[in-house]
Amino acid sequence: MSSSALPVIGMCSDHAGYELKNIIKEMLVEKGYKVVDFGTNSEESCDYPDYAHPCAKAVESGECALGIAMCGTGNGISMTLNKHQGIRAALCWAPELAKLAKEHNNANILVLPARFIETELALKTVETFLNTPFEGGRHERRIAKIPV
Ligand code: RB5
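First, a word on scope: everything that follows refers to the structure included in this document. (Residues numbered from 1 in each chain as written. Predicted model: local features only at pLDDT ≥ 70, side-chain atom pairs only at ≥ 80, totals over all residues. Heavy atoms only, no water.)

What follows is about the overall build of the protein chain. Assigned secondary structure in the protein chain consists of six helices and five strands. Listing each helix as α and each strand as β along the protein chain from the N terminus yields β-α-β-α-β-α-β-α-β-α-α. In summary, the protein chain has a C-alpha radius of gyration of 14 Å against a globular reference of 15 Å for 148 residues, a match within 12%. Projected onto the principal axes, the alpha-carbon positions of the protein chain cover approximately 45 × 35 × 30 Å. (Helix = DSSP H or I, 4+ residues; strand = E, 2+ residues; numbered from the N terminus. Rg over C-alpha atoms; globule rule 2.2 N^0.38 Å.)

Structure below.
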């Protein structure tokens, strides 16, 4: 894929995910992705919704095609992202989960539990998420029923 065809990726984390966010960002930029980093920008303690909401809005609006987010467990940031009607954020800790989150749920934000995943596994999970297409079909009907 030429880099112009690669999707724009929005990223966000709190302090617990800051280091992993940087590692993933570096890998994505190296591969030619454009990354929009919504923060946080240090390991200073902070509140994940402050970064999750802007990232979710960017994915909802189409400014970013997909998102990658993380906090310590992945739970707080998932809960926040999924408050947005257009967001399907999936907490994944292995490539197999990311594959199904894309194939079946057409997840548009991958969430990683930064304090509970090894870096190499996180990178593989990201690659799987980005390279797996949505299956459509019956899953299209199901995801259409998610918004409230
Ligand atoms: C921060 O200590 C931690 O609570 C946060 O990263 C996350 O795990 C919350 O869901």
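Before going further, it helps to examine the state of the cysteines. Taken as a whole and judged by the stated rule, the model has zero disulfides. There is no disulfide at C12, and the cysteine sulfur nearest it, in C55, is 3.7 Å away. Looking at C12, the relative accessible area reads 0%, which means it is buried. Left without a disulfide partner, C64 is nearest to the cysteine sulfur of C55, which lies 6.4 Å away. (Disulfide = S-S within 2.5 Å. Buried < 20%, exposed > 50% of the residue type's maximum accessible area, 1.4 Å probe, protein only.)

What follows is about the sheet that holds strand β5 (residues 109–113). Here we have five strands laid out as an open sheet, ordered β2-β1-β3-β5-β4, and parallel in their pairing. Looking at which strands have only one partner, the edges of the open sheet turn out to be β2 (35–37) and β4 (89–91). Shown here is a sheet whose adjacent strand axes are inclined to one another by a mean of 20°, direction ignored. Pairing between strand β1 (residues 9–13) and strand β3 (residues 66–71): five bridges, direction parallel. Looking at β3, one finds that I9 is bridged to L66. Strand contacts of helix α5 (residues 119–131): β1, β3 and β5, with the helix running at about 165° to β5, the strand carrying the most contacts. (Pairing = 2+ DSSP bridges. Axes fitted to C-alpha atoms, helices over the stretch in contact; angles between N-to-C directions. Contact = heavy atoms within 4.5 Å.)

Next up on the list: the site of the ligand. Surrounding the ligand, one finds D14, H15, A16, Y48, C71, G72, T73, G76 and R115. Here the ligand loses 70% of its free accessible area of 290 Å² to cover by the protein chains. Broken down by class, the residue content of the shell around the ligand amounts to three nonpolar, four polar and two charged. (Near = heavy atom within 4 Å. Areas by Shrake-Rupley, 256 points an atom, 1.4 Å probe, with all protein chains shown as cover. Nonpolar A, V, L, I, M, F, W, Y, C, P; charged D, E, K, R; others polar.)

A few words on helix α2 (residues 49–61). With 13 residues, α2 ought to run about 18 Å at 1.5 Å a step, and its terminal C-alpha atoms sit 18 Å apart, in line with that. Within the span of α2, buried status applies to Y51, A52, C55, A56, A58 and V59. All buried residues of α2 fall inside an arc of 160° around its axis, so they share one side. Along α2, exposed side chains directed more than 90 degrees from the buried face belong to D50, K57 and S61. Where α2 is buried, its residues touch β1, β3, α3 (75–81) and β5. Immediately downstream of α2, the backbone of G62 shows phi near 95°, a positive value. (Expected span 1.5 Å × (residues − 1). Arc of directions from axis to C-beta.)

Within the secondary structure, N108 sits in the loop between α4 (95–103) and β5. Residue classification places N108 among the buried residues on the basis of a relative accessible area of 10%. Within the structure, the side chain of N108 is placed 2.7 Å from the backbone nitrogen of R88, a separation counted as a polar contact. (Polar contact = N/O pair within 3.5 Å; in protein donor to acceptor, adjacent residues only side chain to side chain.)

By the definition in use, this model includes zero aromatic pairs. Here the guanidinium or amino end of K102 rests over the ring plane of F129, the centre of that ring lying 4.8 Å away. (Phe/Tyr/Trp six-rings, centres within 6.5 Å; stacked < 30°, edge-to-face > 60°. Lys NZ or Arg CZ within 6 Å of the ring centre and 35° of its normal.)

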